[in-house]
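For reference, the chains in residue letters:
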Amino acid sequence: MATQRNVDIEERHVEKKSDSSLVASTFIKYAAYVIIFFGALYFLVRYVFPMF
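As the structure is a prediction and not an experimental result, all values here were calculated from the model. Throughout, a residue's number is its position along its own chain's written sequence, starting from 1. Local features in this predicted model are restricted to residues whose pLDDT is 70 or higher, and side-chain atom pairs enter the listing and the counts only when it is 80 or higher, whereas totals over whole chains, interfaces and linings include all residues. Hydrogens and waters are ignored; side-chain quantities use all the structure's heavy atoms.

**Regarding the overall build of the protein chain**
Put simply, DSSP H or I for four residues or longer makes a helix, DSSP E for two residues or longer makes a strand, and each gets a number counted from the N terminus. Tallying secondary structure elements over the protein chain gives 1 helix and 0 strands in all. Taking 2.2 N^0.38 as the reference for a compact globule, 52 residues should give roughly 10 Å; the C-alpha atoms of the protein chain span a radius of gyration of 29 Å, well beyond that estimate. Principal axes of the C-alpha set define a box for the protein chain whose edges measure 95 × 25 × 5 Å. By residue count, 0% of the 52 residues in the protein chain fall in the buried class. Surface accessibility in these figures is a Shrake-Rupley result with a 1.4 Å probe; residues are shielded only by whichever protein chains are displayed. When the accessible surface of the protein chain is split by element, carbon and sulfur atoms take 63% of a total near 6,000 Å². Only four residue types enter the tally: Lys and Arg on the positive side, Asp and Glu on the negative side; His and the chain ends are excluded. Lys charges are placed at NZ, Arg charges at CZ, Asp charges at CG and Glu charges at CD. Computed over 6 positive and 5 negative side-chain charges, the separation of the two mean positions in the protein chain equals 17 Å. Within these notes, the globule rule equals 2.2 Å times the number of residues to the 0.38 power, and the radius of gyration is based on C-alpha atoms. Burial here depends on accessible area, computed with a 1.4 Å probe over protein chains only, as a share of the maximum for the residue type. Under 20% is buried, over 50% is exposed, and the range in between is partly exposed.

**Remarks on a nonpolar patch on the surface**
The residues that make up patches have over 30% relative accessible area and no salt bridge, and they are joined within 9 Å when like-charged or within 5 Å when they are Val, Leu, Ile, Met, Phe, Trp or Tyr. Salt bridge, as applied in this entry: a Lys or Arg side-chain nitrogen positioned within 4 Å of an Asp or Glu carboxyl oxygen. Taken together, the side chains of Val34, Phe37, Phe38, Leu41, Tyr42, Phe43, Leu44, Val45, Tyr47, Phe49 and Phe52 define a hydrophobic patch exposed on the protein surface, amounting to about 1,200 Å² of accessible area. Tracing the chain through its elements places phenylalanine 38 in helix α1 (residues 20-48).

**Structural notes on the pattern of salt bridges**
For side chains bearing opposite charge, pairing can occur when the charged atoms are close. By the definition in use, this model includes 1 salt bridge. Between glutamate 10 and arginine 12 there is a salt bridge, and its shortest N-O distance comes to 3.3 Å. Here the two residues glutamate 10 and arginine 12 agree in accessibility, since each one is exposed.

**Some points on the packing of aromatic side chains**
Between rings of Phe, Tyr and Trp, where Trp is taken as its six-membered ring, a pair exists when centres lie within 6.5 Å; planes separated by under 30 degrees are stacked, by over 60 edge-to-face, and by other angles tilted. Considering all chains together, one arrives at 3 aromatic pairs under this definition. Ring geometry for tyrosine 30 against tyrosine 33: centres 5.6 Å apart, planes inclined by 75 degrees, an arrangement best described as edge-to-face. Linking tyrosine 30 with tyrosine 33, this pair stays in helix α1, spanning 3 residues, or about one helical turn. Taken together, a centroid distance of 5.6 Å and an interplanar angle of 40 degrees make the contact between phenylalanine 43 and tyrosine 47 tilted. Pair noted here: phenylalanine 43 and tyrosine 47 are both in helix α1, with a separation of 4 residues, about one helical turn. A relative accessible area of 46% means that phenylalanine 43 is categorised as partly exposed. With relative accessibility at 48%, the residue tyrosine 47 sits in the partly exposed group.

Written as C-alpha cells, this is what we have:
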C-alpha cells in the first residue's frame, strides 16, 4: 500500500532593505570625524610641537 502524503510547503521570500540615504549620511558623518581628527593632529604637529 502506498500512503499518500499531502504536504503544503510555505515559501518565504525575505528581501533585505537597505536605505541608501542612511548609508550615505553615516559615511559623511564618519568622514567628517576623520577629517576633524587629522585636522587637529595637523595643528598639533605644525604649531604646538615646534614650541617645545
